[in-house]
Amino acid sequence: MTLVLTTPIPSIKLSKNNQDDEFLNSFLYHNENYFGKLIYNDIRKIGCNWAEAPIEKGNDQYVGIHYETGKWKWGSVGMMNKMIKRGYITIARDHNNDCYCLNATAKLVNKILKEIWKNK
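Here's what I pulled together on the structure shown here.

## Here's the deal with the overall build of the protein
Argument step 1. For the protein, the count of helices and strands is 4 helices and 5 strands.
Argument step 2. Shown N-terminal to C-terminal, the secondary structure of the protein runs as helices and strands in the order α-α-β-β-β-α-β-β-α.
Argument step 3. Taking all contacts inside the protein whose residues are at least 6 apart in sequence as the whole, residues at least 24 apart take part in 66%.
Argument step 4. Carbon and sulfur atoms form 47% of the exposed surface of the protein, whose accessible area is close to 7,700 Å².

So, in structure tokens, the structure goes:
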């Protein structure tokens, strides 16, 4: 039996732009257990020498999402490129069919943690 210690996460706003906010919050939504454990352990900031390095959760898993772009999908390559340029994400894998595995960087994880603690 595995004991999972988490705490509820409040709703947060990561950007004034609704599309940016929805994109950034998808990392929180899909990695809620990871952030819940950080909050439970009173971690307020991830220390990292390079803020744009992907953050590993353990067991070779990263804080990330599967992102689909294209005509009938919710994502856009422009949004993804904008977030890469801002240093919030990195591309872990390009499946060459308008699907990507994206990893959050320390910069994004710390932004999410800052907003969670501000709203707690």
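## Examining the sheet that holds strand β4 (residues 89–94)
Paired through their backbone hydrogen bonds, the strands of a sheet run either parallel or antiparallel.
Argument step 1. Read across the open sheet, the 3 strands follow the order β3-β5-β4; overall the sheet is antiparallel. This sheet does not close on itself; its edge strands, each paired only once, are β3 (64–68) and β4. The mean angle between the axes of side-by-side strands here comes to 30°, regardless of whether they run parallel or antiparallel.
Argument step 2. Relative to strand β5 (residues 99–104), β4 runs antiparallel, the two sharing 5 bridges. Paired with I89 across the two strands is A104, which belongs to β5.
Argument step 3. The sheet strands contacting helix α1 (residues 18–30) are β3, β4 and β5, and the helix crosses β3 at an angle near 130°.

## A closer look at the packing of α1 against helix α3 (residues 77–86)
Argument step 1. Following both chains from N to C, one finds α1 and α3 inclined at 75°, their axes separated by 11 Å at the closest point. When the interaxial angle is binned, α1 and α3 end up roughly perpendicular. Within the contact between the two elements, α1 uses Q19, D20, F23 and L24 and α3 uses M79, K82, M83 and R86.
Argument step 2. Taken together, the residues of the contact of α1 with α3 sort by class into 4 nonpolar, 1 polar and 3 charged.

## Regarding the pattern of salt bridges
Argument step 1. Per the stated rule, a full pass over the model turns up 4 salt bridges.
Argument step 2. With a closest N to O distance of 2.8 Å, K82 and D20 form a salt bridge. With K82 in helix α3 and D20 in helix α1, this pair connects stretches of sequence that are 62 residues apart.
Argument step 3. When its relative accessible area of 3% is taken as the criterion, D20 is described as buried.
Argument step 4. Linking R86 and D20 is a salt bridge whose minimum nitrogen-to-oxygen distance equals 3.3 Å. Within this pair, whereas R86 is found in helix α3, its partner D20 is found in helix α1, the two being separated by 66 residues in sequence.
Argument step 5. A residue is classified by how much of its surface remains accessible, and R86, at 36% relative accessible area, is partly exposed.
Argument step 6. Each of D20, K82 and R86 takes part in salt bridges that share partners, so that together they form one network.

What counts and how
Residues numbered from 1 in each chain as written. Predicted model: local features only at pLDDT ≥ 70, side-chain atom pairs only at ≥ 80, totals over all residues. Heavy atoms only, no water. Helix = DSSP H or I, 4+ residues; strand = E, 2+ residues; numbered from the N terminus. Contact = heavy atoms within 4.5 Å. Areas by Shrake-Rupley, 256 points an atom, 1.4 Å probe, with all protein chains shown as cover. Pairing = 2+ DSSP bridges. Axes fitted to C-alpha atoms, helices over the stretch in contact; angles between N-to-C directions. Parallel < 35°, antiparallel > 145°, perpendicular 65-115°, else oblique. Nonpolar A, V, L, I, M, F, W, Y, C, P; charged D, E, K, R; others polar. Salt bridge = Lys/Arg side-chain N within 4 Å of Asp/Glu carboxyl O. Buried < 20%, exposed > 50% of the residue type's maximum accessible area, 1.4 Å probe, protein only.

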